[in-house]
Amino acid sequence: MIYTITVNPAIDYVLQLDQTLDLGAVNRAQNDVKLPGGKGVNVSRILQELGFDSTVWGFLGGATGKMFANLLQQHQLHTEFTPVQDDLRINVKIKADNEETEVNGQGPAITPAEKQAFLDQVKKIQKGDVIVMAGSLPRQLDNDFYLEIARMVTQQGAEFVIDTTGQALLDTLPLHPLVVKPNNHELADLFHTSFQDVSEIITAARKLLDLGAKHALVSMAGDGALLITPEHAFSCNAPKGTVQNSVGAGDSMIAGFVGTYMQTQDALESFHQGAACGSATAFSQDLATLDKIKTVYQQIMVTQLS
Ligand SMILES: Nc1ncnc2c1ncn2[C@@H]1O[C@H](COP(=O)(O)OP(=O)(O)OP(=O)(O)O)[C@@H](O)[C@H]1O
Ligand SMILES: O=P(O)(O)OC[C@@]1(O)O[C@H](CO)[C@@H](O)[C@@H]1O
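Basis of the calculations
- Residues numbered from 1 in each chain as written.
- Chains lettered and ligands numbered in written order.
- Predicted model: local features only at pLDDT ≥ 70, side-chain atom pairs only at ≥ 80, totals over all residues.
- UniProt positions renumbered as here; feature names shortened; annotations may be inferred.
- Helix = DSSP H or I, 4+ residues; strand = E, 2+ residues; numbered from the N terminus.
- Near = placed C-beta within 6 Å.
- Nonpolar A, V, L, I, M, F, W, Y, C, P; charged D, E, K, R; others polar.
- Domains from an automatic or database assignment.
- Contact = placed C-beta atoms within 7 Å.

A. Spatial organisation of the UniProt feature "domain: Carbohydrate kinase PfkB" (unreviewed entry) in the protein. Mapped onto this numbering, the UniProt entry gives "domain: Carbohydrate kinase PfkB" (unreviewed entry) at residues 11-285. In residues 11-285, helix accounts for 38% and strand for 23%; the two terminal C-alpha atoms are 15 Å from one another.

Laid out in structure tokens, this is it:
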């Protein structure tokens, strides 16, 4: 079974402005939509689109939690949320001037008892399962929360995938995540550097493998992506198309990679499918549909670089 962990789910409140976003003034949206968001939730939605079952874990509470549950209901995912007292957050995504501006909430305060209830649930994972942990941590969860889960998962002989940034990501690498997926900016920040060309990105991404990751994906938005395996480095293009909403493109890429890898153990095919899911989401209002993913898949070419 694939479990996705979204410790800090959100209602994504997407506001479309036909005019320039004017900071410090009243702006009025021409269109708005509420989506059940959070990185792990997005991963589960794309997995479902591809025909892979998964279970969604996370914390859910308050009046906004009820609204989130209603929004998620139509997607018919299998969910096992840990109830909490505090409100689920609302993340504001403003689309204006062909740019996306995001303001993400901090998330609920999680009590020690709520945290324990969640960890008790994680104990049921078994050998053969894979856990995808993605996104920010809500208040009062320690920075090593993901590390704690990664330790539990590996002790059970299961695999994990982590999509987070900074030290929290570095700390889990010695436990050998199946794949990590920083974007190129996050990768540069991780090693306190900047990149002049692709070869420098590959060198930095290879360090993630040296530190323990089994595979590294580096997403580069409209410039495509890289896959680093123990033996080789590959790149793929990002097809040209009208970008509608790139929120969740990275999550879609992870879903495509993980679902395909669990089925085929083929990193290259998983990379191809992951890239198709990422671009298909960028070309969609909401997350990608299977039809869109299939079309975009045909437009992606994977090239071996080394
Ligand atoms: N503008 C785009 N055109 C085509 N493909 C895109 C575009 N943006 C993203 N993609 C595809 O989706 C993948 C993931 O996107 P991106 O690098 O933006 O991830 P991210 O930074 O994790 O995004 P997010 O946090 O919004 O999910 C890219 O590597 C690429 O394959
Ligand atoms: O604040 P976090 O947890 O880092 O990111 C949350 C988030 O921006 O990520 C998803 C897109 O990747 C959105 O659905 C959601 O709002």
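B. Main features of the site of ligand 2. Around ligand 2, a shell composed of 15 residues is seen, among which G37, N91, N104, G135 and S136 lie nearest. Those elements that place two or more of their residues in the shell around ligand 2 are β2 (10-16), α1 (39-50) and α8 (249-264). Looking at the shell around ligand 2, its residues break down into two nonpolar, 10 polar and three charged. Viewed by domain, the shell around ligand 2 spans two of them, domain 1 (1-126 + 143-162) and domain 2 (179-306), each represented by three or more residues.

C. Region of interest: the site of ligand 1. By nearness alone, 20 residues border ligand 1, and S219, A238, G250, G278 and S279 come closest of all. The residue makeup of the shell around ligand 1, split by class, is 10 nonpolar, nine polar and one charged.

D. Here's a closer look at the domain arrangement of the protein. For the protein, the assigned domains read domain 1 (1-126 + 143-162) and domain 2 (179-306). The gap between the C-alpha centroids of domain 1 and domain 2 is 21 Å. Tallying the contact residues gives 16 residues for domain 1 and 20 residues for domain 2. Top contributing element to the side of domain 1 that touches domain 2 by residue count: α1, with eight residues. Considering only residue class, the side of domain 1 that touches domain 2 consists of nine nonpolar, one polar and six charged.

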